[in-house]
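One letter stands for each residue in the lines below.
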Amino acid sequence: RKEVEQDPGPFNVPEGATVAFNCTYSNSASQSFFWYRQDCRKEPKLLMSVYSSGNEDGRFTAQLNRASQYISLLIRDSKLSDSATYLCVVNQGTGFQKLVFGTGTRLLVSP
Amino acid sequence: NAGVTQTPKFRVLKTGQSMTLLCAQDMNHEYMYWYRQDPGMGLRLIHYSVGEGTTAKGEVPDGYNVSRLKKQNFLLGLESAAPSQTSVYFCASSLGQLYTDTQYFGPGTRLTVL
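Numbering of residues starts from 1 in each chain and follows the order in which that chain's sequence is written. The order in which chains are written sets their letters, starting at A; the order in which ligands are written sets their numbers, starting at 1. Given that the model is predicted, a residue must reach a pLDDT of at least 70 before its local features are reported, and side-chain atom pairs must reach 80 or more before they are shown or counted; all residues, however, enter totals for whole chains, interfaces and linings. Excluded from the side-chain calculation are hydrogens and water; included are all heavy atoms of the structure.

Student: Go over the overall build of chain B, please, and point to the residues and values.
Tutor: Think of it this way: any DSSP run of H or I at least four residues long counts as a helix, any run of E at least two long counts as a strand, and we number them from the N terminus. Assigned secondary structure in chain B consists of zero helices and 11 strands. Secondary structure elements of chain B occur, N-terminal to C-terminal, as β-β-β-β-β-β-β-β-β-β-β. Every radius of gyration here is taken over C-alpha atoms, with the globule rule written as 2.2 Å times N^0.38, N being the number of residues. For 114 residues, the compact-globule formula gives about 13 Å, and the C-alpha radius of gyration of chain B, at 13 Å, lands near that figure. By its C-alpha atoms, chain B is 40 × 30 × 25 Å across when sized along the principal axes. Contacts in chain B between residues at least 24 apart in sequence constitute 55% of all its contacts with a sequence separation of at least 6. With an accessible surface of roughly 5,400 Å², chain B has 53% of that area assigned to carbon and sulfur atoms. Charge counting follows a simple rule: Lys and Arg are positive, Asp and Glu are negative, and His as well as the terminal groups are ignored. In this description, the location of a charge corresponds to atom NZ of lysine, CZ of arginine, CG of aspartate or CD of glutamate. Of the side chains in chain B, 10 bear a positive and 8 a negative charge, and the two mean positions are spaced by 8 Å. Any two residues whose heavy atoms approach within 4.5 Å are treated as being in contact. Residue burial considers only the protein chains on display, and all accessible areas are found by Shrake-Rupley using a 1.4 Å probe.

In structure tokens form, the structure reads like this:
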């Protein structure tokens, strides 16, 4: 079983749609959680951290359910520029930040 | 402020050749990391460093060596390249705050080993 599992997609949505991605992780001792965005043939960039209370950044909302070991990302009012791969990332480090990456969910937003 | 830079951007090697990938950061970050990314797999940690002069093994260290002689630079070496090391290599750096750190990635090096 992979430590961080994501649906690879692609998710094809029209502009303006709302889309949600889910991710599950296996290590219950994981300390912190993130969503990174990766454009085609580019480096990953932090999109947002994920907190137990849930957090929102503009059109993006992230949720964490520690009991179910489940993380979600909701994107509202999708833009063409949201087309990318979204990486679910879990920090399993104790002495340093050891990030474990999911394989990513690909999103394609069409006009 | 260039952030994290990597040299070279592309490289083709023959099996058995050696090379060094250079990572440089200008953000005065303590921590630096080397990852590889392969199709169908998440990024995997090769080696990392928690400060100048320190290095440690990550998840997939075999076949690689690293050095951090200066705080701003982190070198990844392949002593005898193998086709299994064909991958995209990303370097990252961070401040060193355990739970809230943001890792900043370089643009990557695409390596092909024939």
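This is not the end of the story, as more comes after the structure.
Student: Give me the lowdown on unusual backbone geometry, citing residues and values where you can.
Tutor: Going from glycine 9 of chain A to proline 10 of chain A, the amide bond is cis rather than trans, its omega being 5°. Assignment of secondary structure puts proline 10 of chain A in the loop between β1 (4-6) and β2 (11-14). A cis amide bond links threonine 7 of chain B with the next residue in sequence, proline 8 of chain B, at an omega value of -5°. Its location among the elements puts proline 8 of chain B in the loop between β1 (4-7) and β2 (10-13). Notably, arginine 41 of chain A is not glycine yet its phi reads approximately 65°, a positive angle. Along the chain, arginine 41 of chain A falls in the loop between β4 (32-38) and β5 (44-50). Any residue under 20% of the maximum accessible area for its type is buried, any over 50% is exposed, and the rest in between are partly exposed; the area is computed with a 1.4 Å probe on protein chains only. When its relative accessible area of 57% is taken as the criterion, arginine 41 of chain A is described as exposed.

Student: Talk me through the sheet that holds strand β7 (residues 60-65) of chain A; I want residue IDs and the actual numbers.
Tutor: All names here are of chain A. In short, DSSP must find at least two bridges between two strands for them to pair. Overall, antiparallel pairing links the five strands, which are arranged β1-β3-β8-β7-β6 in an open sheet. Looking at strand neighbours, the two that pair on one side only are β1 and β6 (55-57), the edges of this open sheet. Averaged over all neighbouring strand pairs, the angle between strand axes comes to 20°, with direction disregarded. Looking at chain direction, β1 and strand β3 (residues 19-25) are connected through three bridges and run antiparallel. In this analysis an axis means a line fitted to C-alpha atoms, helices contributing only their contacting stretch, and an angle means the value between N-to-C directions, from 0 to 180 degrees.

Student: Describe the interface of chain A and chain B, naming the residues involved and giving the relevant values.
Tutor: At the interface, 22 residues of chain A touch 21 residues of chain B. With both chains or domains summed, chain A and chain B bury close to 1,800 Å², and 56% of this area falls on carbon and sulfur atoms. Note: buried area is the sum, over both parts, of the accessible area (probe 1.4 Å) each one loses when the two are combined. Interface area lost by chain A to chain B is led by Phe96, Gln97 and Phe101 of chain A, which between them contribute 32%. Basic side-chain nitrogens of Lys or Arg form a salt bridge, by our definition, when they fall within 4 Å of a carboxyl oxygen of Asp or Glu. On the surface where chain A and chain B come into contact, there are zero salt bridges. Here a polar contact means two N or O atoms within 3.5 Å. Within protein one must be a hydrogen donor candidate and the other an acceptor candidate, and residues neighboring in sequence count only if both atoms are side-chain atoms. Our count for the chain A to chain B interface comes out at four residue pairs in polar contact (both at pLDDT 80 or more). Contributing elements (two or more residues each) for the side of chain A that touches chain B: β4, β5, β9 (84-91) and β10 (99-101) of chain A. The dominant element in the side of chain A that touches chain B, judged by the number of residues it contributes, is β4 of chain A, at four residues.

Student: How would you sum up the sheet that holds β1 of chain B? Please name residues and give values.
Tutor: All names here are of chain B. In space, the four strands of this open sheet follow the order β1-β3-β8-β7, with antiparallel pairing throughout. Two strands in the sheet have a free side with no partner beyond their single neighbour: β1 and β7 (64-67). Strand-to-strand, the axes of this sheet are offset by a mean angle of 20°, without reference to chain direction. Direction of pairing for strand β3 (residues 19-25) relative to strand β8 (residues 73-78): antiparallel, over a ladder of six bridges. Looking across to β8, one finds that leucine 22 is bridged to leucine 75.

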